[in-house]
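Each chain, written out:
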Amino acid sequence: TQLQSSQLQENTVDHIVAYREYERLLKKFIDQLPRQQRIAYLLSREEGLSYEAIAAKMGISIETVREYIKKALRAIRTFVENNIPLLLAAVILFN
């Protein structure tokens, strides 16, 4: 029915809003990572550079790049695990 279609559209919009808010929080968290970790992570994930290219660009060893990215991913994973309840709560509240 038209009412169900309207509710479905509202739910979809609410989910998009909740997701965008979560994305904003995650980006804010990434921005707060230690500088070198943040740079290595962003070069890897957003620019798609290899560890070798990141090492050359940052003037550090490949092993250091690995460590920076490993630490960044661990911090991000912890942030996501600790904040999933917030995302779920936002989605539930919008429904």
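The rules behind the values
Residues numbered from 1 in each chain as written. Predicted model: local features only at pLDDT ≥ 70, side-chain atom pairs only at ≥ 80, totals over all residues. Heavy atoms only, no water. Buried < 20%, exposed > 50% of the residue type's maximum accessible area, 1.4 Å probe, protein only. Helix = DSSP H or I, 4+ residues; strand = E, 2+ residues; numbered from the N terminus. Arc of directions from axis to C-beta. Phe/Tyr/Trp six-rings, centres within 6.5 Å; stacked < 30°, edge-to-face > 60°.

## Observations concerning helix H2 (residues 35–45)
An α-helix turns once every 3.6 residues. As a result, residues three or four positions apart point the same way. For H2, the set of buried residues is Gln 37, Ala 40, Tyr 41, Leu 43 and Ser 44. All buried residues of H2 project into a common sector of 165° when viewed along the axis, lining one side.

## Examining helix H3 (residues 51–58)
Buried within H3 are the following residues: Ile 54, Ala 55 and Met 58. One face of H3 carries all of its buried residues, which in axial projection span an arc of 100°. Opposite the buried face of H3, at more than 90 degrees from it, the exposed residues are Ala 56 and Lys 57. Following H3 by one or two positions, Gly 59 has its phi on the positive side, about 70°.

## A look at the packing of aromatic side chains
By the definition in use, this model includes one aromatic pair. Note on Phe 29 and Phe 79: the rings are 4.6 Å apart at their centroids and 15° apart in plane angle, and the pair reads as stacked. With Phe 29 in helix H1 (residues 2–31) and Phe 79 in helix H4 (residues 62–94), this pair connects stretches of sequence that are 50 residues apart. We classify Phe 29 as partly exposed; its relative accessible area is 22%.

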